[in-house]
Amino acid sequence: MDVIELRQLLSRPEWADVELKTSARAFPKDAASTLCAFANCGGGYLILGVDEKQLPEISGIDPNKIDEVQDQCLGLLKNIQKFSSPLVYDDPNLLEIDGRYVLVLQIQDSKRHNKPVKLKEKGHWVAYVRNGARDEEASDEELTQMLIDASCTSITEQLLELDVEECFNFNTIKWYRKVFESRHNQKFYELSDLEFLDELGLIREDGDELRPTKAAILMFGTEKSLNRILARNVVDAFWRSSDYDDNADTGRWQDRRPAEHESLNLFEAWRVLSDRYMYWAEQPFDIDETNLHRNNETPDYIGFREATVNLLVHQDFADHSRVPKIEFHKDISQYWNPGDSLVEQEKIASGQSKSRNPLVMQAFHRIGLSERAGSGIKEIYRSWQFLERAQPVIKNSRREKTFQITLGKKAEITPLQETLQHRIGVQLTDTQARVFVHCLAQPMTVEQLSVAINHPVADVYPVIDHLTRQSMLQAAPEGYSALEHFVSSLQDLAVVSPQNAENTDQANKQVTNLEVKSDQVNQLLARLTKKNTALILAFNGQMGMTELRKEVGVSHRTHFKNNHLQPMIELGVISEVYPENPNHPSQAYYLTDLGLALKEQLLAED
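This write-up is about the structure you can find in this document. Bear in mind the structure is a predicted one, so any value in this text is a computation, not a measurement. Counting starts from 1 at the beginning of each chain's written sequence and moves along it residue by residue. Per-residue local features are limited, in this predicted model, to residues with pLDDT of at least 70; the limit for side-chain atom pairs, both in listing and counting, is 80 or more; totals at the level of whole chains, interfaces and linings are taken over all residues. Calculated side-chain values reflect all of the structure's heavy atoms, with hydrogen atoms and water omitted.

### Quick notes on the overall build of the protein
Alright, step 1. A run of H or I in DSSP becomes a helix once it reaches four residues, and a run of E becomes a strand once it reaches two; helices and strands are each numbered from the N terminus. Tallying secondary structure elements over the protein gives 26 helices and 21 strands in all.
Alright, step 2. Throughout, a residue-residue contact means that at least one pair of heavy atoms, one from each residue, lies within 4.5 Å. In the protein, the proportion of contacts linking residues at least 24 apart, taken out of those at least 6 apart, comes to 66%.

Right under this line is the structure:
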């Protein structure tokens, strides 16, 4: 952390993950509970030498006591008798601000199997949690939840003492088998329904008896068996006729599913929700039961599907009091779940995922749903970006053990779009506007624009095509540039727009890295195998995998991709036309600037 980052941290209105201590001459004794609370609740910063009442002025640590304060801090962190589990922390960072010294200590979130982290106080072990900007002793409920999370075995893998002949809804199993067999092009006529579930690992032998797993009942159970293991619905969905902030309409709804007093298993709940979503959709549609995909899928439906499956698959089934809830308003849809994400907040949008309920996830995966759930959040972001809507809002609370996704339905008009409409009378999407202003400053290639606006290359091509047909851009030897009369009248946008300047710097920096120095080319040349060389020389514009395999002389598709193509992609020599969808039916490959430089050098050596 540097001084700028510290000032930004101190300027935030909420300090749930920040604790300030004056600590002018010694390490504060009451800070130990804060370290314990941070370890249990997602991590945080302990900042010594800052008096909250004097902000924005910095009080500072006595310069003569800095070494002593640091030693006391490290002594506490390394005291294995003080905490029940070792704390995970970054080395304390001493910063100087206006001649005053501040010590910043970042505590990382402890691993789930180490929670609850407890602090030894007066001979007793006490677990603390963070509540707003305060440390509080963990309640019995919070301790129980942390112990459940720390369990190595998912709760959905528990075996239940239920009769496998009586506890299943065989209509649900019939539906699932139909979808499964269609997707995998396999028939299991020789297997009974129970044998089929046994093949999937959802029922297991327990002595001389076959017992269902909890996951099996959650997905395929009858209402009676489901009520025996879960004292709530798996989901509650409401369709409302008002905007989210319309307080006058609080509590009113047009439709609700499941109906009151109706208890559905997970797959029946999915079928009911998708059916009602189709009913209330602005443009009615059908879902193909053989692959669970909508005909002519839209980003709106993709957002619903991914968020709903995420809710069904990843909820905490050990929580019997809180029901997952979906609310469809005129302006937003909101998906709320008991059970926080098992990955850090900053990694969620990139598609990283860990499953709380692996058996449930695998069953959804087998019929083409949970493979989307694994990367579902990333797909939601991509769909909303395509719709030019406000970015989805995700709230992952480890303190409250909740997860929420909010999807706005209204298009977001940026200041840049408004400015261009006012000054030159054109209506552009945000992506089109950003591409256009980047081309005002200098000609840019499609690859440079892809880096600058953080969009896949495949998404930039149609934007360039639109702007060219609108006579706003023209092809230039160095790439695409704005027409001259736009350059002269809108030059201020290319120069002073903070977003454009920042992105352009980033683009130039990354593209410069791609316009590689000769020593980088030489280093890679020394590492190339004969197949690598043949692959690079085979390229002539964009090429498909079949063409490339034929040129290189490798017949096995998987071997070629894993051992020849993918290493070159990871080195930045080759790029995919559809990098966000590696299995795109029209996937093709091309040489990057680095790849072109290598090819040029290889041809020169020949």
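### Details of empty space enclosed by the protein
Alright, step 1. Cavities and pockets are defined on a 1 Å grid built over the protein atoms alone: a cavity is a set of grid points where a 1.4 Å probe fits but cannot escape, while a pocket is an open set with protein on both sides within 12 Å along at least five of seven lines, and lining residues are those with an atom within 4 Å of any such point. Grid points are joined across faces, edges and corners, and a volume is the space filled by probe spheres set on the points. Scanning the model with the defined rule gives 4 cavities of 30 Å³ or more in all.
Alright, step 2. Computed from the structure, the second largest cavity encloses a volume of approximately 60 Å³.
Alright, step 3. Tallying contributions element by element places helix 4 (residues 140-150) first for the lining of the second largest cavity, with 3 residues.
Alright, step 4. For this scheme, ten residues count as nonpolar: Ala, Val, Leu, Ile, Met, Phe, Trp, Tyr, Cys and Pro. Four count as charged, namely Asp, Glu, Lys and Arg, and the remainder, Gly too, count as polar. Residue classes in the lining of the second largest cavity are distributed as 3 nonpolar, 2 polar and 4 charged.

### Some remarks on the side chain of Glu142
Alright, step 1. Following the sequence through the fold, Glu142 ends up in helix 4.
Alright, step 2. Since its relative accessible area comes to 18%, Glu142 is described here as buried.
Alright, step 3. In contact with Glu142, not counting residues within four places along its chain, are Val129, Glu137 and Arg399. Categorising residues by exposure relies on relative accessible area from a 1.4 Å probe, with only protein chains included: less than 20% of the type maximum marks a residue as buried, more than 50% marks it as exposed, and the intermediate range marks it as partly exposed.

### Comments concerning the environment of Ala482
Alright, step 1. Along the polypeptide, Ala482 turns up in strand 19 (residues 479-482).
Alright, step 2. Placed 43 residues apart in sequence, Ala482 and Cys439 show a C-alpha to C-alpha distance of 5.5 Å.
Alright, step 3. Excluding residues within four positions of it along the chain, Ala482 makes contact with Phe436, Cys439, Leu440, Met472, Leu473, Gln474 and Val487.

### Considering the sheet that holds strand 3 (residues 93-97)
Alright, step 1. Taken in spatial order, the 4 strands line up as 1-2-4-3 in an open sheet, and their pairing is mixed. Across the chains shown, the open sheet's two edge strands, defined by having one partner strand only, are strand 1 (18-21) and strand 3. Strand-to-strand, the axes of this sheet are offset by a mean angle of 25°, without reference to chain direction.
Alright, step 2. Note: two strands are recorded as paired if DSSP finds a minimum of 2 bridges between them. Examined bridge by bridge, strand 2 (residues 44-48) and strand 4 (residues 100-107) share 5 bridges and lie antiparallel to one another. Note on strand 4: the bridge partner recorded for Leu46 is Leu105. For helices, the axis comes from a line fit to the C-alpha atoms of the stretch in contact; other axes are also lines fit to C-alpha atoms, and the angle between any two N-to-C directions lies between 0 and 180 degrees.

### Section: the sheet that holds strand 7 (residues 134-137)
Alright, step 1. One open sheet holds the 3 strands; their spatial order is 5-6-7, and the pairing between them is antiparallel. At either margin of the open sheet sits one strand with a lone partner, and together these are strand 5 (118-121) and strand 7. Mean inter-strand twist for the sheet, computed between neighbouring axes without regard to direction, equals 45°.
Alright, step 2. Pairing of strand 5 with strand 6 (residues 124-131), which is carried by 4 bridges, proceeds in the antiparallel orientation. Each bridged residue has a counterpart across the sheet, and for Lys118 the counterpart in strand 6 is Ala127.
Alright, step 3. Against the sheet, helix 2 (residues 31-40) engages strand 5, strand 6 and strand 7, with an angle of about 70° to strand 6.

### Points about the pattern of salt bridges
Alright, step 1. The rule for a salt bridge is simple: a side-chain nitrogen of Lys or Arg has to be within 4 Å of a carboxyl oxygen of Asp or Glu. Taken as a whole and judged by the stated rule, the model has 24 salt bridges.
Alright, step 2. Of the charged contacts in the structure, one is a salt bridge between Arg25 and Asp62, with a shortest N-O distance of 2.6 Å. In this pair, Arg25 is assigned in the loop between strand 1 and helix 2 and Asp62 in the loop between strand 2 and helix 3 (66-77), connecting sequence segments 37 residues apart.
Alright, step 3. Classification of Asp62 as buried rests on a relative accessible area of 18%.
Alright, step 4. In this structure, Asp465 engages Arg469 in a salt bridge whose closest nitrogen and oxygen atoms are separated by 3.0 Å. Of this pair, Asp465 and Arg469 both sit in helix 18 (residues 457-469), 4 residues apart, roughly one helical turn.
Alright, step 5. Classification of Asp465 as partly exposed rests on a relative accessible area of 40%.

### Here we look at unusual backbone geometry
Alright, step 1. Cis geometry marks the peptide bond from Lys115 to Pro116; its omega dihedral reads 0°.
Alright, step 2. The residue Pro116 is located in the loop between strand 4 and strand 5 in this model.
Alright, step 3. The peptide bond linking Arg257 to Pro258 adopts the cis configuration, its omega dihedral lying at -10°.
Alright, step 4. Residues other than glycine seldom take positive phi values, yet Lys122 does so here, at roughly 50°.

### Remarks on the packing of helix 9 (residues 266-280) against helix 10 (residues 299-314)
In a packed pair of helices, the relevant descriptors are the angle between the two axes and the axis-to-axis distance.
Alright, step 1. Packing of helix 9 against helix 10 brings their axes to within 11 Å, and their N-to-C directions diverge by 155°. Accordingly, the angle class assigned to the pair helix 9 and helix 10 is roughly antiparallel. Handedness of the crossing formed by helix 9 with helix 10: right-handed. Touching Leu266, Trp270, Leu273, Ser274 and Tyr277 of helix 9 are Asp300, Tyr301, Phe304, Arg305, Thr308, Val309 and Leu312, all from helix 10.
Alright, step 2. Class assignment of the residues belonging to the contact of helix 9 with helix 10 gives a composition of 8 nonpolar, 2 polar and 2 charged. Geometric relationships in this document are graded by angle, where less than 35 degrees denotes roughly parallel, more than 145 denotes roughly antiparallel, 65 to 115 denotes roughly perpendicular, and other angles denote oblique. For any pair of crossing helices, the crossing counts as left-handed if the nearer helix is rotated counterclockwise from the farther one by less than a right angle, and right-handed if it is rotated clockwise.

### Regarding the side chain of Thr402
Alright, step 1. Along the chain, Thr402 turns up in strand 17 (residues 402-408).
Alright, step 2. The residues contacting Thr402, other than those within four sequence positions of it, are Arg322, Trp336, Asn337, Gly339, Asp340, Lys395, Asn396 and Ser397.

### Observations concerning the environment of Glu484
Alright, step 1. Along the chain, the position of Glu484 falls in helix 19 (residues 484-489).
Alright, step 2. For Glu484 and Gln474, which are 10 residues apart along the polypeptide, the C-alpha to C-alpha distance reads 9.6 Å.

### With respect to helix 9
Alright, step 1. Every helix has an expected span of 1.5 Å times one less than the residues it contains. Along its 15 residues, helix 9 runs 21 Å from first to last C-alpha, staying within 8% of the 21 Å computed at 1.5 Å per residue.
Alright, step 2. Buried within helix 9 we find Leu266, Phe267, Glu268, Ala269, Trp270, Leu273, Ser274, Arg276, Tyr277 and Met278.
Alright, step 3. Pairs of N or O atoms are called polar contacts if they sit within 3.5 Å, as long as, within protein, a hydrogen donor faces a hydrogen acceptor (for residues adjacent in sequence, only side-chain-to-side-chain pairs). The N-cap residue of helix 9 is Asn265: its side-chain oxygen and the backbone nitrogen of Phe267 are 3.3 Å apart.

### Here's the deal with the nonpolar core
Alright, step 1. Ranked by size, the top nonpolar core spans 67 residues in total, and within it Phe168, Tyr176 and Met219 carry the most contacts.
Alright, step 2. At 7 residues, the largest contribution of residues to this core is made by helix 10.
Alright, step 3. Ignoring any residue separated from it by four or fewer positions in sequence, one finds Phe168 in contact with Ile173, Leu194, Leu197, Ile203, Pro212, Ala216, Ile217, Phe220, Gly221 and Thr222.
Alright, step 4. Counting 33 residues, the second-largest nonpolar core is a separate cluster that includes Leu420, Val446, Ala452 and Leu493. Residues belong to one nonpolar core when they are buried, are Ala, Val, Leu, Ile, Met, Phe, Trp, Tyr or Cys, and are joined through side-chain atoms within 4.5 Å.

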